[in-house]
Amino acid sequence: MESSAMRETTEIAYQLAWIAVDWGSSNLRAWGLDQHDQVVAQANSDKGMLSLKADEYETELLRLVGDWLPASGQTDVMVCGMAGARQGWLEAAYLPVPTRLDQLSQGAVTPTLRGDQLGVYLLPGLSQTRGTATHFDVMRGEETQLAGLVANTPDFSGLACLPGTHAKWATLEAGSVTQFTTYLTGELYQLLANQSVLKHSVSTPSAARNNLNDPTCREAFTSAVREINEAPELFSSRLFGLRAQDLLDGRLPAGDTRGAVLAARLSGLAIGLELTGACRKCPTDKPIMLIGNQALSQRYTLALNTIGYQTQHMDGDTAVLAGLRLAHHALK
């Protein structure tokens, strides 16, 4: 007798038209889509680029999506992210900006596969050079989220921010990325919190709970954003001031809340410094588009609101799926 799991697998294989994959450094996510581009299956794995050798990608992909595949024929797989990096499955060379986001698939590469069930396309990232050694930049994966923004909002122009470990700020005009800048803010925060003298103040169990819904943490965060926006040249001094504040400031709350408040202030200093650079030429009367998970986007919204900017938000998963759909359509 056929089990419910077998019936579900058979139903997915019957509906499946193609597969979308976001393959990052630490994990990958896959979605099975039908002929109407609706998701009929999804799966994820912790086998990101850092865990795989080039000859292991096909095996991992088949392990994840093999049950979705029909008994015969070849299924397209559209992949963005680090699988197309130089140290990934096969390098998909960066496209230089300006680049039209509906033409990313023109730079896709197709790795040689041992089997014939899949037809894999690895999308390229974007690169930027401005003629000097100080203005080189790259992105890989975020360009597909930006393509999703264009797919959903074709007339969008302006500034988009993708918060994260390495935050990206991109200027979009008429469906193209014209320039972009990366800020190492998330990684900088982690290094300062965990490997600098500040770890004695903010690398505590309570620091992980620097929830900005807490009024005290929220005030610590926004005041830090405001301070560093007004005097970015004092960033290094303000950092050490966190440690001194922990030692000397009797107004700080005691117990578990103390580390959370100081961590919120560190977050505000780091994000505030980023905004000082990213927004220096941005008019305050035009909203900045944030693309990413809700929690981090809310943190950036609070920071931007603090210095006079409004925001809009697009979910990161929604954006990457829309971008992969756009790229797949361009293949046809």
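Shown above is the structure to which this text applies.
Criteria and cut-off values
- Along each chain, residues carry numbers from 1 onward, in the same order as the chain's sequence is written.
- Thresholds applied to this predicted model are a pLDDT of at least 70 for local features of residues and 80 or more for the giving and counting of side-chain atom pairs; totals over whole chains, interfaces and linings are not thresholded and use all residues.
- For the side-chain quantities, the full set of heavy atoms in the structure was used; hydrogens and water were omitted.
- Helical segments are the DSSP runs of H or I of at least four residues, strand segments are the runs of E of at least two, and each set is numbered from the N terminus.
- Between two residues, a contact is recorded if the distance between any of their heavy atoms is within 4.5 Å.
- The pairing criterion is simple: DSSP has to find at least two bridges between the two strands.
- As defined here, a cavity is a set of points on a 1 Å grid over the protein atoms alone where a 1.4 Å probe fits but cannot get out. A pocket is an open set with protein on both sides within 12 Å along at least five of seven lines, and residues line them when an atom is within 4 Å of a point.
- Grid points are joined across faces, edges and corners, and a volume is the space filled by probe spheres set on the points.
- Polar here means any residue outside two lists: the nonpolar Ala, Val, Leu, Ile, Met, Phe, Trp, Tyr, Cys and Pro, and the charged Asp, Glu, Lys and Arg; Gly therefore counts as polar.
- Domain delimitation follows an automatic or database domain assignment.

(A) Quick look at the environment of A108. Mapping A108 onto the fold places it in the loop between β6 (99–100) and β7 (118–122). With 14 residues separating them along the chain, A108 and Y94 place their C-alpha atoms 9.9 Å apart. Not counting the four nearest positions on each side in its chain, A108 is found in contact with Y121, L122, L123 and P124.

(B) A look at the sheet that holds strand β8 (residues 126–128). Read from one edge to the other, the open sheet built from three strands follows the order β5-β8-β9, with strand pairing classed as mixed. Edge strands, defined here as strands with exactly one partner in the open sheet, are β5 (95–96) and β9 (137–139). Sheet topology note: the β8/β9 ladder contains three bridges and is antiparallel. Across the sheet, the residue bridging to S127 is V138, located in β9.

(C) Up close: the sheet that holds strand β10 (residues 158–162). Strand order in the open sheet made by the six strands is β6-β12-β11-β10-β13-β14, with mixed pairing throughout. The open sheet has two free edges, formed respectively by β6 and β14 (311–315), since each of these has just one partner strand. As judged from the five bridges shared by β10 and strand β11 (residues 167–173), these two strands associate in the antiparallel manner. Within β11, the residue paired with G158 across the bridge is L172.

(D) Structural detail: the layout of surface pockets. The calculated volume of the largest pocket comes to roughly 1000 Å³. Along its surface, the largest pocket is lined by 34 residues, and G24, R140, E142, Q145 and T165 are the ones closest to its centre. Looking at the lining of the largest pocket, the elements with two or more residues in it are β1 (18–23), β4 (75–81), β9, α3 (142–152), β13 (288–292), α9 (294–306) and α10 (316–331). For the lining of the largest pocket, the leading source of residues is α10, giving three residues. Taken together, the residues that form the lining of the largest pocket break down as 13 nonpolar, 15 polar and six charged. Shared between two domains, the lining of the largest pocket holds at least three residues of each, these being domain 1 (1–94 + 108–124) and domain 2 (141–331). In this model, the second largest pocket occupies a volume close to 550 Å³. Taken together, 26 residues line the second largest pocket, and the ones lying closest to its centre are T171, Q179, T181, A278 and R280. Of all the secondary structure elements, the ones that give two or more residues to the lining of the second largest pocket are β10, β11, β12 (176–183) and α8 (256–278). Among the elements that take part in the lining of the second largest pocket, β12 stands out by supplying four residues, more than any other.

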